[in-house]
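Read off the chains here:
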Amino acid sequence: MKKETKTAEKKPTLSWYKRMDFSKKTALWGIIFLLPWLIGLVFFFLRPLVNTLWYSLCSMEMVNGKFSGTFIGVDNFKYVLGVNANYTRYLAESFTNMAKEVPFQIFLALFIAMLLNGEYRGRGFFRAIFVIPIILATGVATFELAEVKMSTATTESVMDMKWLEDLIVNSGIPQQLTSLLVTYVQNIFKVVTTCGVQILLFLSGLQAISPTLYEVAKMEGCTQFETFCKITLPMVSPTILVCLVYSIAESFASATITVGDSTQSFSSYIQSITFNGSPEYYGYGAAMSFIYFAATLVTVGVVCGIVSKGVFYYD
Amino acid sequence: MTKLSRKERMQKAEEMAGISFWVDLRKGRLSKYTIQKKVKSFIASLFRYVILICLGFVVITPIWNLAKDAFTDPAMLGDKSSSWIPLKTSGIFMEMAASKSLMEYGKSLVYTLLTTLVLTFLQVLSTGLAAYSFARLKFKGSNILFFFVILTIVVPSDSLMLAQYAVFRNFDIFGLIGLIKGNGVGINMIGQPVAQFILAGTGMGVKSGLYIYFMRQGVRGLPISVEEAAHVDGAGFLRTFFSIVVPSMSGSILTVSVLSFLWNYTDTYYTGLLNPSVNQLAYRYSSLQANVRWGIDSAAKTNAEWLTRINPSNPFVQTSIISACALLVVLPLLVMYCFVQKRFVQGAARSGLGGD
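Treat the numbers as computed from the prediction; the structure is a model and nothing was measured.

*Asks:* Honestly, the overall build of chain A in this entry has me stumped. Any pointers?
*Replies:* Looking only at helices and strands, chain A features 16 helices and four strands. In chain A, once contacts between residues fewer than 6 apart in sequence are set aside, the share between residues at least 24 apart is 65%. Just so you have it, chain A exposes about 17700 Å², and 64% of that area is on carbon and sulfur atoms.

Okay, here's the thing in structure tokens:
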């Protein structure tokens, strides 16, 4: 008996794992590493996504703590788009806001990142300051109280820019352009606070550009502007694409709409309709959510399709 | 300091003069182009500082305003002379905000920090593993799955609100739990932090898609030869990941951890949906914002001395109290940020967050 075990030890048969070749092992471990995320994707993302679509086609009921629906076709969608007088208006509003905000956001983020990049005194200090917008963007530090109607004494701002506004409006530039400009300037607080992540992305994109490229450009006698157009812009163009996707998604997710005199976030509007107590509204709310999501996806798809044509990949 | 002879001093002065721009300029030793270049770079740096300081002001102002409102003495509220720096300061608003009926600060802070730390850990772990898989351990279909990462970034979490709520209202994977309990009904996880932990641990938490993207870029920036060497030396995949990859991408891990902490800390959406607990600071704050009047009244009941000093229906008082609450919410973040700031910004810049 002893002898037999000894021989068995001498020639151990390799386990199935050890017999596998390296590329297969890599694939196996790739799936294992991805497993938590895959479970999440299937159960907490794809299934809810499909369910949302299903709810939106149903009239919902709550039975015994469980949702159940009866299929009613596209009635909910018809109701949202056709009967509800506000939804399409809100959707259009968030679209126009997005179209106004995102380009300015990207431009400002690139501009700030370029200023922050490079060697100068106090660099660490300024870089630290410009990450604070990420905290501000969460909306904790900037608030508007619903109850409080401020008296005119405080709304009269310390930095009154009315004269500048008048100057721009009366300068003879087309009115659409000036009004856009004025909105940008008035919203600069909001835009700066929403572009923290983009600044971070651009900063790292700029750091990744090899300094030798700039040296060559200098030797060849490029002006600063040419250097920007021929080197900086193409090299950060992949980052621009990423920032666009992020900005558009964020802009939709935090879209605000005007209800009467006050503003409200789009998502809280949908939430208030969905959870107003009666389960019949669940299907209706799901249809709203689904249209909202489809609009985001289509916009991102179209914009990316156009922009990615101009993106330059170095390697 | 050794005493120099006159000759040496002259030599040194000349040396100094030789490299000094102003001396050269005065003596007419500079070419036109050098002067031009110098002036240009001076203007450029002036321009840079002016813009950075202006935009920095824009960034700092909201936080400054919070602090200003929170520390103004009730008697000085609305006074023009206190619109930037309060003439008289007092801690009464902070005291009220931290009190039991408004923020219940001590208890809420501990609860929030603990849950946020767990969430951050789970999220960084799950997204890190996924990111490494996407960057290095390619398998068939891995690129298609990466498309779903982009999808999770793009789809607003609100649009899945109802369905995700339903999943956790009746939590039951594969129908197993219902089978064990025997009635086919799963666990109601609403109202417990577990639901959020599950989401974070499976890489579906707050902005997880973005973190996967960040870290994938971080891994791609590492030299692959080190990992190959580890494999050749007989390290398994887990060992390679935890003892080679994780230490060398600590920059991007730090960035993602800080972002994850920050966003989980201030997240009110998932908290409101899955775990509407008043102990979560940001959620408590956001619900307080809607009816601050009630909060002030009940605070005044517990301490009548406050009511003699403030008038709860005064809008300035309400603003000040809400500011104090907001400051209390942001304060831990700012303190944490002060500690990690230097490494965070450098790490972010080096981690190669940029595009492909």
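*Asks:* Can you walk me through the interface of chain B and chain A in this structure?
*Replies:* By a widespread convention, an interface's size corresponds to the accessible area lost as its parts come together. Contacts between chain B and chain A engage 101 residues on the former and 96 residues on the latter. Contact between chain B and chain A buries roughly 8800 Å² in total, counting both sides, with carbon and sulfur atoms accounting for 80%. Joining chain B to chain A, the criterion identifies one salt bridge. Salt-bridge contacts for Glu-250 of chain A lead to Lys-207 of chain B; the nearest nitrogen and oxygen are separated by 3.2 Å. Applying the counting criterion to the chain B and chain A interface returns eight residue pairs in polar contact (both at pLDDT 80 or more).

*Asks:* Could you clarify how one ought to interpret the pattern of salt bridges in this entry?
*Replies:* Should the charged atoms of two oppositely charged side chains come close, the side chains can pair. Residues and elements named next belong to chain B. For the structure on display, the rule yields five salt bridges over all chains. Glu-227 is paired through a salt bridge with Arg-136; the nearest N and O atoms lie 3.0 Å apart. Here the residue Glu-227 occupies a position in helix α11 (residues 224–232), and Arg-136 occupies one in the loop between α5 (105–135) and α6 (142–154), the gap between them amounting to 91 residues. Overall, Glu-227 belongs to the buried group, its relative accessible area being 4%. Given the relative accessible area of 17%, Arg-136 is considered buried.

*Asks:* What is the right way to look at the domain arrangement of chain A in this model?
*Replies:* Residues and elements named next belong to chain A. Domain annotation for chain A reports domain 1 (19–71) and domain 2 (75–143 + 158–310). Each of domain 1 and domain 2 has a C-alpha centre, and the two are 31 Å apart. In this assembly, 11 residues from domain 1 lie in contact with 11 residues from domain 2. Roughly 820 Å² is buried in total at the junction of domain 1 and domain 2, and carbon and sulfur atoms are behind 77% of that figure.

*Asks:* Any chance you could explain the packing of helix α10 (residues 208–220) of chain B against helix α13 (residues 250–266) of chain B here in plain terms?
*Replies:* Packed helix pairs are specified by the crossing angle of their axes together with the interaxial distance, meaning the distance between the axes. Residues and elements named next belong to chain B. Following both chains from N to C, one finds α10 and α13 inclined at 170°, their axes separated by 9 Å at the closest point. Taken together, the axes of α10 and α13 lie roughly antiparallel to each other. Here α10 contributes Leu-210, Tyr-211, Phe-214, Met-215 and Gly-218 to the contact with α13, which in turn contributes Ser-252, Ile-253, Val-256, Leu-259, Ser-260 and Trp-263. Broken down by class, the residue content of the contact of α10 with α13 amounts to eight nonpolar, three polar and no charged.

*Asks:* How do you make sense of the layout of surface pockets when you look at a structure like this?
*Replies:* Unoccupied space between atoms shows up once a probe the size of one water molecule is rolled over them. Considering only enclosed or pocket space, the second largest pocket measures out at about 2000 Å³ in volume. Of all the secondary-structure elements, those providing two or more residues to the lining of the second largest pocket are α5 (87–116), α12 (196–207), α13 (211–219) and α14 (224–253) of chain A together with α3 (32–71) of chain B. In terms of residue class, the lining of the second largest pocket is made up of 17 nonpolar, 12 polar and eight charged.

*Asks:* Looking at this structure, I do not really get the packing of aromatic side chains. What am I missing?
*Replies:* Think of a pair of aromatic rings as described by two things: how far the centres are apart, and how the planes are tilted against each other in angle. In this structure the tally under the stated criterion is 28 aromatic pairs over all chains. Centre to centre, the rings of Phe-44 of chain A and Phe-168 of chain B are 5.2 Å apart; their planes meet at 20°, and the pair counts as stacked. Taken together, the residues span two chains, with Phe-44 of chain A in helix α3 (residues 22–56) and Phe-168 of chain B in helix α7 (residues 161–169). Residue Phe-44 of chain A is classed as buried on the basis of its relative accessible area, which comes to 2%. Seen from their ring centres, Phe-266 of chain A and Tyr-292 of chain A are 4.9 Å apart, and the 65° between their planes marks the pair as edge-to-face. Here Phe-266 of chain A, found in helix α15 (residues 266–274), pairs with Tyr-292 of chain A, found in helix α16 (residues 280–307); they are 26 residues apart in sequence, far enough to count as distant. Counting every residue linked through ring pairs, the aromatic cluster contains Phe-22, Trp-29 and Phe-33 of chain A together with Tyr-132, Phe-237, Phe-241 and Phe-242 of chain B.

*Asks:* Explain the side chain of Arg-136 of chain B here, please?
*Replies:* Separated by 3.2 Å, the side chain of Arg-136 of chain B and the backbone oxygen of Val-219 of chain B make a polar contact. Within the structure, the side chain of Arg-136 of chain B is placed 3.0 Å from the side chain of Glu-227 of chain B, a separation counted as a polar contact. If sequence neighbours within four positions are ignored, Arg-136 of chain B has contacts with Thr-26 of chain A together with Val-219, Arg-220, Leu-222, Pro-223, Ile-224 and Glu-227 of chain B.

*Asks:* Help me out: how do you make sense of the nonpolar core in this one?
*Replies:* Looking at soluble globular proteins, one finds that nonpolar side chains tend to be buried together. If you look at the biggest cluster of nonpolar residues, it comprises 171 residues, and the most contacted ones within it are Trp-37, Phe-130 and Phe-266 of chain A together with Phe-168 and Trp-263 of chain B. Each residue touching Trp-263 of chain B, except ones within four places of it in the same chain, is listed here: Ile-134, Thr-138, Val-197 and Tyr-246 of chain A together with Val-206, Lys-207, Leu-210 and Tyr-211 of chain B. Listed in part, the eight residues of the second largest apolar core include Tyr-55, Met-60 and Tyr-282 of chain A together with Ala-163 of chain B.

*Asks:* What should I look at first to understand the state of the cysteines in this one?
*Replies:* Covalent bonding between the sulfur atoms of two cysteines is what defines a disulfide. Residues and elements named next belong to chain A. One pass over the full model with this rule turns up zero disulfides over all chains. Between Cys-229, a free cysteine, and Cys-222, which holds the nearest cysteine sulfur, the sulfur-to-sulfur gap is 10.0 Å. When its relative accessible area of 32% is taken as the criterion, Cys-229 is described as partly exposed. The thiol of Cys-304 is unpaired, and the distance to the nearest cysteine sulfur, on Cys-243, comes to 12 Å.

*Asks:* Looking at this structure, how should I read the pairing of strand β4 (residues 262–265) of chain A?
*Replies:* Regular strands place side chains that alternate from one sheet face to the opposite one. All names here are of chain A. In this structure, strand β3 (residues 256–259) lies alongside β4, joined through four bridges in antiparallel fashion. By the bridge assignment for β4, Val-259 is matched with Ser-262. Adjacent in sequence and paired antiparallel, β3 and β4 are bridged by two residues, among which Gly-260 carries a positive phi angle near 65°.

*Asks:* When you look at the confidence of the model for chain B in this model, what are you seeing that I'm missing?
*Replies:* Parts of the prediction with low pLDDT should not have their coordinates interpreted in detail. Residues and elements named next belong to chain B. Confidence in the prediction for chain B averages 81 pLDDT; 90% of positions are at 70 or higher. Per-element averaging of pLDDT across chain B places helix α8 (residues 176–181) at the bottom with 66 and α5 at the top with 93. Per the prediction output, this complex has pTM 0.82; the corresponding ipTM is 0.79.

Rules used throughout
Position numbers for residues start from 1 in each chain and track the written sequence from start to end. Chains and ligands are labelled by the order in which they are written, letters from A for the one and numbers from 1 for the other. Whole-chain, interface and lining totals are the exception, using all residues; otherwise, since this is a predicted model, local features are given only for residues with pLDDT of at least 70 and side-chain atom pairs are given and counted only at 80 or more. Side-chain metrics in this entry use all non-hydrogen atoms of the structure; hydrogen atoms and water are not considered. Secondary structure follows DSSP: runs of H or I at least 4 residues long count as helices, runs of E at least 2 residues long count as strands, and numbering of each begins at the N terminus. Throughout, a residue-residue contact means that at least one pair of heavy atoms, one from each residue, lies within 4.5 Å. Throughout, the Shrake-Rupley method with a 1.4 Å probe supplies accessible areas, and for residues the shown protein chains are the sole cover considered. Here the quantity called buried area is the total loss of accessible area, with a 1.4 Å probe, experienced by two parts when brought into contact, counted for both. Salt bridge criterion: a side-chain nitrogen from Lys or Arg within 4 Å of a carboxyl oxygen from Asp or Glu. Polar contact is defined as a pair of N or O atoms within 3.5 Å, subject to the rule that within protein one atom must be able to donate a hydrogen and the other to accept it, and that residues adjacent in sequence are counted only when both atoms are side-chain atoms. Buried, partly exposed and exposed residues are distinguished by accessible area as a fraction of the type maximum, computed with a 1.4 Å probe on protein chains only: under 20%, between the cut-offs, and over 50%, respectively. Residue ranges assigned to the domains are those given by an automatic or database domain assignment. Axis geometry follows a simple rule: fit a line to the C-alpha atoms, using only the stretch in contact for helices, then measure angles between N-to-C directions, giving values from 0 to 180 degrees. Note on terminology: angles under 35 degrees are roughly parallel, angles over 145 are roughly antiparallel, angles of 65 to 115 are roughly perpendicular, and the others are oblique. Just so you know the grouping, Ala, Val, Leu, Ile, Met, Phe, Trp, Tyr, Cys and Pro go in nonpolar, Asp, Glu, Lys and Arg go in charged, and all remaining residues, Gly too, go in polar. For cavity detection a 1 Å grid was placed over the protein atoms alone, and a set of points counts as a cavity when a 1.4 Å probe fits there but cannot get out; an open set counts as a pocket when protein lies on both sides within 12 Å along at least five of seven lines, with lining residues being those that have an atom within 4 Å of a point. Grid points are joined across faces, edges and corners, and a volume is the space filled by probe spheres set on the points. Within 6.5 Å between ring centres, the rings of Phe, Tyr and Trp (the latter by its six-membered ring) count as paired, and their orientation is classed by plane angle as stacked under 30 degrees, edge-to-face over 60, tilted in between. We call a set of buried residues a nonpolar core when its members are Ala, Val, Leu, Ile, Met, Phe, Trp, Tyr or Cys and they connect through side-chain atoms within 4.5 Å of each other. Any two cysteine sulfur atoms lying within 2.5 Å of each other are counted as a disulfide. A pair of strands is considered paired only if DSSP assigns at least 2 bridges between the two. As a per-residue measure, pLDDT reflects the predictor's confidence and takes values from 0 up to 100.

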